[in-house]
Amino acid sequence: MEKVIDEKKQGTKLLMDTVEGNTKKLFIESYGCQMNFSDSEIVASILSENGYNTTSQLEEADLVLVNTCSIRDKAEQTVRKRLEKYNAVKKTHNPSMKVGVLGCMAERLKNKFLEEEKIVDLVVGPDAYKDLPNLLSEVEEGRNAINVILSKEETYGDISPVRLQSNGVTAFVSITRGCDNMCTFCVVPFTRGRERSRDPQSILEEVNDLAAKGFKEITLLGQNVDSYLWYGGGLKKDFDKATEMQKATATNFSGLLSLVAEAQPKMRIRFSTSNPQDMTMDVIETMAKYQNICNYIHLPVQSGSTRVLKEMNRQHTREEYMQLIDNIKSIIPDCGISQDIIAGFPTETEEDHQDTLSLMEYVKYDFGFMFMYSERPGTLAARKLEDDIPEAVKKRRLQEIVELQQQHSAYRTKQFVGKTLEVLIEKTSKRDEHQWSGRIPQNTVVVFPKENYTIGDFVMVKITDCTSATLIGEAVSYSENNS
């Protein structure tokens, strides 16, 4: 997974319904990618079975957990500041409070947190959440507790996630864990382990349960969803050792998409994140076949230079990426496409940077997630490549990328003006309490007057104006998908 939640949001405090009989209180925050937010729902479910209800009040918590991200230095610094805050509250308000770190930083900085800095009581890696009750018992007995062992099998397919701070409309459904791609800038293969997929039956059960509870949209989640491959369990890399029967009955990502789309034809289906090297034509064709699979793909490119892509160990060239874009647009002409781009990767020349800008001109992405390169300890790039681009050059290149993306985002939103589009209402607009906010299938946000509609409604909205990021419109009627 390469898409990262905006750090300006300062993480998300998560709330859940209380379970009668639970006496302890859990405060949990998540930072980073969507997978971390999904994992926090799994953690809350496990702990709810062990006496914990969540709270939004840090001071009253018996257990404080932060689900962490290591993808950039800024993310780690944000988490460190939160840990300082937790410990200050622990000293002044609640000495018995226990503090723990979950997720990617837990695996990477386990000894530093526990032994050197002594700022946490327990450290739990992404594959060890089922061990939390045992680890908490260790902590209660006065011992530090740690489990960061990576698993070859764990997918949490048997855990029914607690939907935290849910709007009751949209939900994440995890389908894969880990990553095999070994991009040189990324820590995920080291912190989340090798790629394995979840049993499609358990995915369908979760989706059907969400539909029964009134949810209208799900996002299938994985570090790299297109490489989903279920053949009875086990690592994707071991598929060549599977039996002929296992290979013949295996389910790939396009097959899973079909299963989910047919199981809940009135539910919107999204997925994230895709990797260009793994997105096959059958996935694009499946998207086109089913109306309820949203016409939107998050397709990280990282750089427009084939030379830099090779340095990144991305398994695609500039030309192959552009061909994939052409294939998507030919089969799904109105497909929304977004990007991840890194500015200032080691050895990046001005010509490489211009290649990125020209590729952006070719695609004209709807929106994107753009960052300066941040060397991450433990990655292949940190070991083999000098971080040789001056900070000022990185900043200038990033600014040029951001400014060009803003132009393209404005171009894309203007294409919708005058059209009537289906919007799924998700929440009240942040800027105007008299307006709803929702998204069209292409993932662009729409705001419009509330009138008599409500959260969870599918509404046909005529687009009358736009900004570079938001469509503005007026409701015309309920959509035929509204039930």
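Here, every reference points to the structure presented above.
For the structure given in this document, a descriptive report is provided here. (Residues numbered from 1 in each chain as written. Predicted model: local features only at pLDDT ≥ 70, side-chain atom pairs only at ≥ 80, totals over all residues. Heavy atoms only, no water.)

### With respect to the nonpolar core
Phase 1 of the analysis: Counting residues in each nonpolar core, the largest one holds 48 residues, and the members touching the most others are Leu220, Phe253 and Phe271.
Phase 2 of the analysis: Leaving out residues up to four positions away in the same chain, Phe253 has contacts with Ile175, Leu220, Val225, Asp226, Tyr228, Phe271 and Val283.
Phase 3 of the analysis: The next biggest cluster of nonpolar side chains, apart from the first, holds 22 residues, and it includes Tyr31, Val79, Ala106 and Val148. (Core = buried A, V, L, I, M, F, W, Y, C linked by side-chain atoms within 4.5 Å. Buried < 20%, exposed > 50% of the residue type's maximum accessible area, 1.4 Å probe, protein only. Contact = heavy atoms within 4.5 Å.)

### Description of the layout of surface pockets
Phase 1 of the analysis: Its boundaries defined by the atoms lining it, the second largest pocket holds a volume of some 570 Å³.
Phase 2 of the analysis: Taken together, 32 residues make up the lining of the second largest pocket; nearest its centre are Asn295, Asp334, Leu421, Pro441 and Gln442.
Phase 3 of the analysis: Secondary structure elements with two or more residues in the lining of the second largest pocket: α10 (281–289), β18 (420–428) and β21 (458–466).
Phase 4 of the analysis: Counted by class, the lining of the second largest pocket contains 15 nonpolar, 9 polar and 8 charged residues. (1 Å grid on protein atoms, 1.4 Å probe; cavity = no way out; pocket = protein on both sides within 12 Å on 5 of 7 lines; lining within 4 Å. Points joined across faces, edges and corners; volume = space filled by probe spheres on them. Helix = DSSP H or I, 4+ residues; strand = E, 2+ residues; numbered from the N terminus. Nonpolar A, V, L, I, M, F, W, Y, C, P; charged D, E, K, R; others polar.)

### So, the side chain of Glu217
Phase 1 of the analysis: Relative to the helices and strands, Glu217 is located in strand β11 (residues 217–221).
Phase 2 of the analysis: Excluding anything up to four places from it in sequence, Glu217 contacts Val169, Thr170, Ala171, Met267, Arg268, Arg270, Leu424, Glu426 and Arg439.

### Remarks on the sheet that holds strand β8 (residues 170–174)
Phase 1 of the analysis: Pairing is parallel in the open sheet, where 3 strands are placed in the order β8-β11-β14. Every other strand in the sheet has two partners, leaving β8 and β14 (268–272) as the edge strands with one partner each. In this sheet, adjacent strand axes meet at a mean angle of 25° when their direction is disregarded.
Phase 2 of the analysis: As paired strands, β11 and β14 are joined by 5 bridges and run parallel to one another. In the sheet register, Glu217 faces β14, and the bridge partner there is Arg268.
Phase 3 of the analysis: Along the sheet face, helix α1 (residues 34–48) touches β8, β11 and β14 and points at about 90° away from the line of β8.
Phase 4 of the analysis: Strands in contact with helix α7 (residues 200–212) are β8 and β11; relative to β8, the strand with the most contacts, it is inclined by about 170°. (Pairing = 2+ DSSP bridges. Axes fitted to C-alpha atoms, helices over the stretch in contact; angles between N-to-C directions.)

### Some words on the state of the cysteines
Put plainly, two cysteines are in a disulfide when a covalent bond ties their sulfur atoms together.
Phase 1 of the analysis: Per the counting criterion, the structure on display carries 0 disulfides.
Phase 2 of the analysis: The structure places no disulfide on Cys186, whose sulfur is separated from the nearest cysteine sulfur, that of Cys183, by 6.3 Å.
Phase 3 of the analysis: The exposure class of Cys186 is buried, given its relative accessible area of 8%.
Phase 4 of the analysis: Cys335 provides the cysteine sulfur closest to Cys466, a residue in no disulfide bond, and the two sulfurs are 19 Å apart. (Disulfide = S-S within 2.5 Å.)

### Observations concerning the packing of helix α12 (residues 318–331) against helix α13 (residues 350–363)
What describes two packed helices is the angle between their axes and the distance between those same axes.
Phase 1 of the analysis: Viewed as axis vectors pointing N to C, α12 and α13 meet at an angle of 10°, and their least axial separation amounts to 11 Å. By the angle class used here, α12 and α13 are roughly parallel. Considering how the two elements wind past one another, α12 and α13 form a crossing that is right-handed. Residues Arg318, Tyr321, Met322, Ile325 and Asp326 of α12 pack against Asp355, Ser358, Leu359, Tyr362 and Val363 of α13.
Phase 2 of the analysis: When grouped by side-chain class, the residues that make up the contact of α12 with α13 number 6 nonpolar, 1 polar and 3 charged. (Parallel < 35°, antiparallel > 145°, perpendicular 65-115°, else oblique. Left-handed = near helix turned anticlockwise from the far one by under 90°.)

### With respect to the pairing of strand β19 (residues 435–439)
Phase 1 of the analysis: The element β19 is extensively covered by neighbouring structure, given that 5 of its 5 residues are classed as buried.
Phase 2 of the analysis: Here β19 shows a buried face lined by Gln435, Ser437 and Arg439 and a second buried face lined by Trp436 and Gly438.
Phase 3 of the analysis: Two strands pair when backbone bridges link them, and β18 and β19 are joined in this way by 4 bridges, in the antiparallel orientation. In the sheet register, Lys427 faces β19, and the bridge partner there is Ser437.
Phase 4 of the analysis: Connecting β18 to the next strand, β19, in antiparallel fashion are 6 residues.
Phase 5 of the analysis: Sheet topology note: the β19/strand β20 (residues 445–449) ladder contains 5 bridges and is antiparallel. Each bridged residue has a counterpart across the sheet, and for Gly438 the counterpart in β20 is Val446.

### Structural notes on the environment of Leu380
Phase 1 of the analysis: Along the chain, Leu380 turns up in helix α14 (residues 380–384).
Phase 2 of the analysis: Leu380 gets classed as buried once you look at its relative accessible area, which sits at 17%.
Phase 3 of the analysis: What Leu380 contacts, discounting residues up to four positions off in sequence, is Met182, Thr184 and Leu385.

### Things to note about the pattern of salt bridges
Phase 1 of the analysis: As enumerated under the stated definition, the model contains 26 salt bridges in all.
Phase 2 of the analysis: Between Glu138 and Arg143 there is a salt bridge, with the nearest N and O atoms lying 2.9 Å from each other.
Phase 3 of the analysis: For Glu138, a relative accessible area of 31% puts it in the partly exposed group.
Phase 4 of the analysis: You can call Arg143 partly exposed: its relative accessible area is 38%.
Phase 5 of the analysis: A salt bridge links Arg194 to Asp180; the shortest N-O distance between them is 2.9 Å. Of the two residues, Arg194 is situated in the loop between α6 (188–192) and β10 (196–197) and Asp180 in the loop between β9 (176–177) and α6; the sequence distance between them amounts to 14 residues. (Salt bridge = Lys/Arg side-chain N within 4 Å of Asp/Glu carboxyl O.)

### Side note on the side chain of Glu41
Phase 1 of the analysis: With respect to the secondary-structure elements, Glu41 resides in helix α1.
Phase 2 of the analysis: The class of Glu41 is buried, set by a relative accessible area of 9%.
Phase 3 of the analysis: Each residue touching Glu41, except ones within four places of it in the same chain, is listed here: Pro161, Val162, Arg163 and Leu164.

### Let's talk about the sheet that holds strand β22 (residues 470–478)
Phase 1 of the analysis: Sheet architecture is closed into a barrel: 5 strands sit in the order β18-β19-β20-β22-β21, paired in mixed fashion. In this sheet, adjacent strand axes meet at a mean angle of 55° when their direction is disregarded.

### Overview of helix α15 (residues 391–414)
For an α-helix, the turn length of 3.6 residues means that residues three or four places apart are oriented alike.
Phase 1 of the analysis: Given a rise of 1.5 Å per residue, 24 residues ought to cover 34 Å, and the 35 Å separating the end C-alpha atoms of α15 matches this to within 8%.
Phase 2 of the analysis: Listing the buried residues of α15 in full gives Lys394, Arg397, Leu398, Ile401, Leu404, Gln405, His408, Ser409, Ala410, Arg412 and Thr413. (Expected span 1.5 Å × (residues − 1).)

### Here we look at the packing of α10 against α12
Phase 1 of the analysis: The geometry of α10 relative to α12 is characterised by a closest axis approach of 10 Å and an angle of 25° between their N-to-C directions. Of the possible angle classes, the one that applies to α10 and α12 is roughly parallel. When you trace α10 past α12, the crossing you get is right-handed. Contact residues: Met281, Ile284, Glu285 and Ala288 in α10; Leu324, Asn327, Ile328 and Ile331 in α12.
Phase 2 of the analysis: Across the contact of α10 with α12, the residue classes break down as 6 nonpolar, 1 polar and 1 charged.

Any link to function would need more than the numbers given here.
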